[in-house]
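Commentary on secondary and tertiary structure
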Amino acid sequence: MAVLEDTFTESLAAVRAAACALPTAAGAVRVLDDDRLLGAQRILAEARRALDASASVIAGEIAHRSRRELGYDGLAQRQGFRTPEKLVQHTTGSTARDASALVAVGTLMHEANAALCSDGHIDDLPEPWLLAVGSAVASGALSVDAARAIRTGLGGPAALVTSELLAAAVQTLLAEAPALNADELLTRARQLRDDLDVDGVAQREQQLRDERSIRRVRRANGLSRYIVDPDLEAAAFWDDLYDRVTAPHRGNVSFLSAEDRAWADAVSGGVRGDGRTVDQYVHDTFTDLLRLACGSDTPASRGIIGSRSPSVRVLVTARALETGVGAGHIEGVATPVSLATVERIACADGVVAISFDSTGNALDVGREQRLYTARQRVALAARDGGCLFRGCDRPPSWCEAHHIDHWHRDRGQTDLERGVLLCRHHHMLVHNNGWEIAHDQAGYWLIPPASIDPDRLPRLMPSKSAAFRDLYAAQLA
């Protein structure tokens, strides 16, 4: 036993030395021609499969020494971890998913070895149909990711799916595995499972539906992250929506109508021009869609979210607004926001003044100020026809009413003449990046910041309302 331990330790030392000797600088591989570069990649993939197999064996042994019946005497519990997966994750620094895969595949390898040692007696093994998978990983013929794909895709026995049928499916997958990557192998395993268990399709569909969720977690910066796990139909809808939104930016457009082609050209050109990435554009579009739905004020929307639409409240002191020094705070968010963002939110959603006495007790809550009414918004929509920024295709229903006179700095009035429609993205751009909008008898003018145009030459913002242009032309005539 001591000899085996010494041999294993020496092998690990050799592996570490060999890994440290491999080149990690980009310049070291740029001298390779294409054939040698791809050959090096294949060799490293083979080496990684062997290392992953060894890591799985060790993880499987950790799981064996941490098995449930050992209780607090198990290895993981003695090291202060609830499960062997948590211990492996801590030891390797990997993700929870990768640690779970190492333990699961390592357990299969231990079961395959146990079956060999017991002359093929597998009745007591928890997943006997996967023994060939464990053996394939141990021999280096199958990667850990591929083994996980087979295990996940096939699932377990059911009323009409026996262990023997699953074992036969495993042999089919092992024969096809050399020509498939792990993702393709997962898809193929699911296909075989569906072929074996047609009656179980509805049950698996219901299981996916039961697992649907949208979860909210906190990121390190204090903001929220939303994790979406849709069911089958919702996934198809989300995928189609995502593909439609991103198709113009990926150059993958096959619309039939001239109107759709014009829309795609405008969207792709707009994104390239305003600096947003595709991911940022998708974020903004999905948010706009939610805002549009929540602001529709229809019986259907009220039946989902009630009579009160979702809103963002930002708190800021009068002193910060008067001096221009300080920050605002969105309710429920720890990260402060700039005064420019405070101005924009106030511009779009109005202001409520709250006064306090010297002890901090609220004395009075004022009426909401500087918020365009529904009738005024109808008039703005008829006049502007959508976001007035040149090249923007957002319709009036997607826009916010922007006060061209800043509500605190300029003490402006909520008059139609002093307001324009801007989509949320361009509304943020105006407030955060120092753009200004002026008005005279010729119309509205966009004044860029000095960082964009040192001369700050005004740019005309023509109306996008065909009816308004016709009316204006008739008046000139």
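The rules we used
Sequence order sets the numbering: in each chain, residues are counted from 1 along the sequence as written. Side-chain atom pairs in this predicted model are given and counted only at pLDDT of 80 or more, local residue features only at pLDDT of at least 70, and totals for whole chains, interfaces and linings cover all residues. The basis for every side-chain value is the complete set of heavy atoms in the structure, and neither hydrogens nor water enter the calculation. Comment: elements are numbered from the N terminus, with helices defined as DSSP H or I runs of at least four residues and strands as E runs of at least two. Partly exposed describes any residue whose relative accessible area lies between the buried limit of under 20% and the exposed limit of over 50%, with all areas from a 1.4 Å probe on protein chains only and scaled to the type maximum. In what follows, a contact means two residues having at least one pair of non-hydrogen atoms within 4.5 Å. Under the convention used here, a 1.4 Å probe and the Shrake-Rupley method define accessible areas, while residue burial counts only the protein chains that appear. Planes of paired rings set the category: under 30 degrees apart is stacked, over 60 is edge-to-face and the rest tilted, where pairs are Phe, Tyr or Trp rings (Trp by its six-membered ring) whose centres lie within 6.5 Å. Each residue gets a pLDDT score, which is the predictor's confidence in that residue and runs from 0 to 100. Only the stretch in contact is used when a helix axis is fitted, and all axes are lines through C-alpha atoms; the angle between N-to-C directions ranges over 0 to 180 degrees. The cut-offs work like this: below 35 degrees is roughly parallel, past 145 is roughly antiparallel, 65 to 115 is roughly perpendicular, and the gaps in between are oblique. Here a crossing is called left-handed whenever its near helix is offset anticlockwise from the far helix by less than a right angle, and right-handed whenever the offset is clockwise. Residues are grouped as follows: nonpolar covers Ala, Val, Leu, Ile, Met, Phe, Trp, Tyr, Cys and Pro; charged covers Asp, Glu, Lys and Arg; every other residue, Gly included, is treated as polar. We define the nonpolar core as a collection of buried residues of types Ala, Val, Leu, Ile, Met, Phe, Trp, Tyr and Cys that are connected through side-chain atoms lying within 4.5 Å of one another. Candidate patch residues must exceed 30% relative accessible area and have no salt bridge, after which like charges are joined if within 9 Å and Val, Leu, Ile, Met, Phe, Trp or Tyr side chains if within 5 Å. Salt bridges are defined as contacts in which a side-chain nitrogen from Lys or Arg sits within 4 Å of a carboxyl oxygen from Asp or Glu.

Considering the overall build of the protein
For the protein, the helix and strand inventory stands at 20 helices and 11 strands. Looking at the protein as a whole, 30% of its 477 residues qualify as buried. A fraction of 49% describes how many contacts in the protein between residues 6 or more apart in sequence connect residues 24 or more apart. A total accessible area of about 30,300 Å² is found for the protein, and carbon and sulfur atoms account for 55% of it.

Topic: the packing of aromatic side chains
Taken as a whole and assessed by the stated rule, the structure comprises 2 aromatic pairs. An angle of 65 degrees between the planes, with centres 5.7 Å apart, marks the rings of Phe389 and Trp435 as edge-to-face. Remark: Trp435 occurs in the loop between helix 19 (424-433) and strand 9 (436-440) and Phe389 occurs in the loop between helix 18 (374-384) and strand 7 (399-403); sequence separation between them is 46 residues. Judged on exposure class, the residue Phe389 and its partner Trp435 are both buried.

Focus on the confidence of the model for the protein
Averaged over every residue, the pLDDT of the protein is 79; residues scoring 70 or more account for 77%. Across the protein, helix 9 (residues 163-176) holds the top mean pLDDT of 93, while strand 6 (residues 362-365) sits lowest at 44. Ignoring residues within four places in sequence, the model shows residues 357-368, a span with pLDDT below 50, making 22 contacts including any to other chains.

Thoughts on the packing of helix 12 (residues 232-246) against helix 14 (residues 278-294)
For the pair helix 12 and helix 14, the least separation of the axes is 10 Å and the interaxial angle reads 120 degrees. When the interaxial angle is binned, helix 12 and helix 14 end up oblique. For the crossing formed where helix 12 meets helix 14, the hand is right-handed. Between helix 12, through Trp238, Leu241, Tyr242, Val245 and Thr246, and helix 14, the contact on the second element is made entirely by Val278, Asp279, Tyr281, Val282, Thr285, Phe286 and Leu289. When the residues that make up the contact of helix 12 with helix 14 are grouped by side-chain class, the tally is 9 nonpolar, 2 polar and 1 charged.

Focus: the nonpolar core
A general tendency of soluble globular proteins is for nonpolar side chains to be buried together. Grouped together as the largest cluster of nonpolar side chains are 38 residues, with contacts concentrated most on Val133, Val137, Leu142, Ile150 and Leu154. At the level of secondary structure, the elements contributing two or more residues to this core comprise helix 3 (34-65), helix 4 (75-78), helix 5 (84-92), helix 6 (96-117), helix 7 (131-139), helix 8 (144-154), helix 9 and helix 10 (182-196). The leading source of residues in this core is helix 6, at 7 residues. The contact partners of Val133, leaving out residues within four places of it in the chain, are Leu108, Leu142, Ala147, Ile150, Val170 and Leu174. Cys387, Ala401, Trp435 and Leu446 belong to the second largest nonpolar core, which has 19 residues in total.

Concerning a nonpolar patch on the surface
Where nonpolar side chains cluster on the molecular surface, the patch consists of Ile214, Tyr226, Val228, Phe237 and Trp238 and spans about 540 Å² of accessible area. With respect to the element layout, Ile214 can be found in strand 1 (residues 213-218).

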